[in-house]
Amino acid sequence: MTHHMDSMKKEDKKYIESLTKEIVRLKKKRNAIIMVHNYQRDEIQNIADISGDSLALSEAAVKTNVDVIVFCGVHFMAESASILNPKKKVLLPVKEAGCPLADMVGVEELRAKRKEFPDAAVVCYVNSNAEVKAESDIGCTSSNAVAVVRSLPNKRIIFVPDKNLARFVQSQVPEKEIIAWEGFCPTHIVLKGEDITKAKKIHPKAEVIAHPECSSEIQDIADHICSTASMFKYVKSSKAKEFIIGTESGMLYKLRKENPDKIFYLPSEHLVCPNMKLTTLGWVTRSLELMVHEVKVPKKIAERARVSLEKMLKITGERSGATISGV
Ligand code: CIZ
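Keep in mind that what you see is a predicted model, and the values were worked out from it rather than measured.

**With respect to the environment of Leu110**
So, step 1. When you line up the elements, Leu110 lands in helix α5 (residues 107-116).
So, step 2. Other than its neighbours up to four places away in sequence, Leu110 contacts Val105, Val122, Val132, Glu135, Ser136, Ile158, Val160 and Trp181.

**Focus on the packing of aromatic side chains**
So, step 1. For the coordinates displayed, the defined rule picks out one aromatic pair.
So, step 2. Above the face of the Phe232 ring, Lys254 is positioned so that its terminal group lies 4.9 Å from the ring centre.

**A few points about the environment of Lys14**
So, step 1. Its location among the elements puts Lys14 in helix α1 (residues 2-30).
So, step 2. Residue Lys14 is classed as exposed on the basis of its relative accessible area, which comes to 55%.
So, step 3. Spatially, the C-alpha atom of Lys14 lies 31 Å from that of Thr228, the residues being 214 residues apart in sequence.

**Digging into the sheet that holds strand β5 (residues 121-125)**
So, step 1. Reading across from one edge, β6-β5-β7-β8 is the order of the four strands in this open sheet, with parallel pairing throughout. Edge strands, defined here as strands with exactly one partner in the open sheet, are β6 (138-140) and β8 (177-180). On average, adjacent strands in this sheet sit at an angle of 30 degrees to one another, irrespective of strand direction.
So, step 2. Examined bridge by bridge, β5 and β6 share three bridges and lie parallel to one another. Looking at β6, one finds that Tyr125 is bridged to Cys140.
So, step 3. Here α5 sits on the sheet in contact with β5, β7 (156-160) and β8, set at roughly 170 degrees to β7.

**Examining the environment of Glu11**
So, step 1. Note that Glu11 resides in helix α1.
So, step 2. For the pair formed by Glu11 and Pro118, sequence separation is 107 residues and the distance between their alpha carbons is 61 Å.

**Let's talk about the layout of surface pockets**
So, step 1. Estimated volume of the largest pocket: approximately 340 Å³.
So, step 2. Lining the largest pocket we find 30 residues, and of these Tyr39, Met77, Asn127, Glu213 and Met276 sit closest to its centre.
So, step 3. Contributions of two or more residues to the lining of the largest pocket are made by α3 (54-63) and α4 (75-84).
So, step 4. Looking at the lining of the largest pocket residue by residue, the classes come out as 15 nonpolar, 12 polar and three charged.

**Considering the site of the ligand**
So, step 1. Lining the immediate environment of the ligand, one finds His37, Tyr39, Asp53, Ser54, Asn127, Thr141, Ser142, His211, Ser227 and Thr228.
So, step 2. Ser54 is positioned with one of its backbone polar atoms (N or O) 2.7 Å from an oxygen atom of the ligand.
So, step 3. Side-chain polar atom of His211 to an oxygen atom of the ligand: 2.5 Å apart, as the coordinates give it.
So, step 4. Surface burial for the ligand is 99%, taken as the share of its 270 Å² of free accessible area covered by protein chains.
So, step 5. Judged by the fraction of its atoms near the pocket grid, the ligand is located in the largest pocket.
So, step 6. The residue inventory of the shell around the ligand, partitioned by class, reads one nonpolar, eight polar and one charged.

**What about the nonpolar core?**
Across soluble globular proteins, nonpolar side chains have a tendency to be buried as a group.
So, step 1. Among the nonpolar cores identified, the biggest contains 69 residues, and Met35, Phe71, Val123, Phe159 and Val169 are the most heavily contacted of them.
So, step 2. Once you skip the residues sitting within four places of it in the chain, Phe71 turns out to touch Met35, Leu57, Met77, Ala78, Ala81, Val90, Leu91, Leu92 and Pro93.

**Quick notes on the domain arrangement of the protein**
So, step 1. Parsing the protein into structural domains produces domain 1 (3-97 + 277-301), domain 2 (102-180) and domain 3 (188-272).
So, step 2. Taken over C-alpha atoms, the centre of domain 1 sits 26 Å from the centre of domain 3.
So, step 3. The interface is formed by 10 residues belonging to domain 1 together with 14 residues belonging to domain 3.
So, step 4. Run the count over domain 1 and domain 3 and you get one salt bridge.
So, step 5. Its salt-bridge partner being Glu248, residue Lys277 comes within 2.9 Å of it at the nearest N-O pair.

The rules we used
- Residues numbered from 1 in each chain as written.
- Predicted model: local features only at pLDDT ≥ 70, side-chain atom pairs only at ≥ 80, totals over all residues.
- Heavy atoms only, no water.
- Helix = DSSP H or I, 4+ residues; strand = E, 2+ residues; numbered from the N terminus.
- Contact = heavy atoms within 4.5 Å.
- Phe/Tyr/Trp six-rings, centres within 6.5 Å; stacked < 30°, edge-to-face > 60°.
- Lys NZ or Arg CZ within 6 Å of the ring centre and 35° of its normal.
- Buried < 20%, exposed > 50% of the residue type's maximum accessible area, 1.4 Å probe, protein only.
- Pairing = 2+ DSSP bridges.
- Axes fitted to C-alpha atoms, helices over the stretch in contact; angles between N-to-C directions.
- 1 Å grid on protein atoms, 1.4 Å probe; cavity = no way out; pocket = protein on both sides within 12 Å on 5 of 7 lines; lining within 4 Å.
- Points joined across faces, edges and corners; volume = space filled by probe spheres on them.
- Nonpolar A, V, L, I, M, F, W, Y, C, P; charged D, E, K, R; others polar.
- Near = heavy atom within 4 Å.
- Polar contact = N/O pair within 3.5 Å; in protein donor to acceptor, adjacent residues only side chain to side chain.
- Areas by Shrake-Rupley, 256 points an atom, 1.4 Å probe, with all protein chains shown as cover.
- Sits in = over half its atoms within 2 Å of the grid points.
- Core = buried A, V, L, I, M, F, W, Y, C linked by side-chain atoms within 4.5 Å.
- Domains from an automatic or database assignment.
- Salt bridge = Lys/Arg side-chain N within 4 Å of Asp/Glu carboxyl O.

Right, here's the structure in full:
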């Protein structure tokens, strides 16, 4: 049995090595770059030219001068890369890699909400579809949502689509009124208070860091609320040695790699985004081979969505938290 397991592992390693080699060859041939979100599988993070959160990847996408961007993430992220880079070909290796949170807000409903609150600015989390970005005044990510909301002259803000991030922003910007959309991330909301209590019992010295897409129950008991980019910064600066990480499981790979002296725990085995995990080395190879699946936003929508994304990038300034590596 052990022998069988060992040889299986060897086979897996060989398979990964050969696909990685093929990806490197195809990347050169296509003059492509591979962008990888923090929630991707470990082996995908290993082939990243640039990895990070959606903001860092958007910033990096603007700066690169390749012909092709292979975006290992979900659909709205590839859309944003394409909106910001209309001349580049943006490929999403798995066409079905979507985001249920992004699909929780539609253009018609948003227009109706605007009519209800005509004095409010619409702030749209990047986890949204291009049509919704086009209807919004400005975009934001979880790492800059507070700064974006603070920068606006409006007292009232319609915040779409994540109600938990909206709640977090409201707690940080009490002088404004945040009108929260009712959307949520199905992966983050599975984390329950009792998962944290259990993890804390087993690891009493660990700090609890949770993502703002987590429920209010988690936001209230976490030691820190951080976007993925802020988690990396926080963990590096903290004196603590152990951390309970309340976000998608993919984060643990780079946290462990960048902080070998620290220990990270996932408080629930359900913190796995099925959409993020669809991308595999095989699909990335196929994507480069066949140049599929191109994500392109209709020009009229892209132009308006670009304004909202560029406004956001201006507020955040030059702060890229991307990790540039490359294989
Ligand atoms: O903005 C992102 O990339 C997401 C989805 C989460 C985060 O906190 O980085």
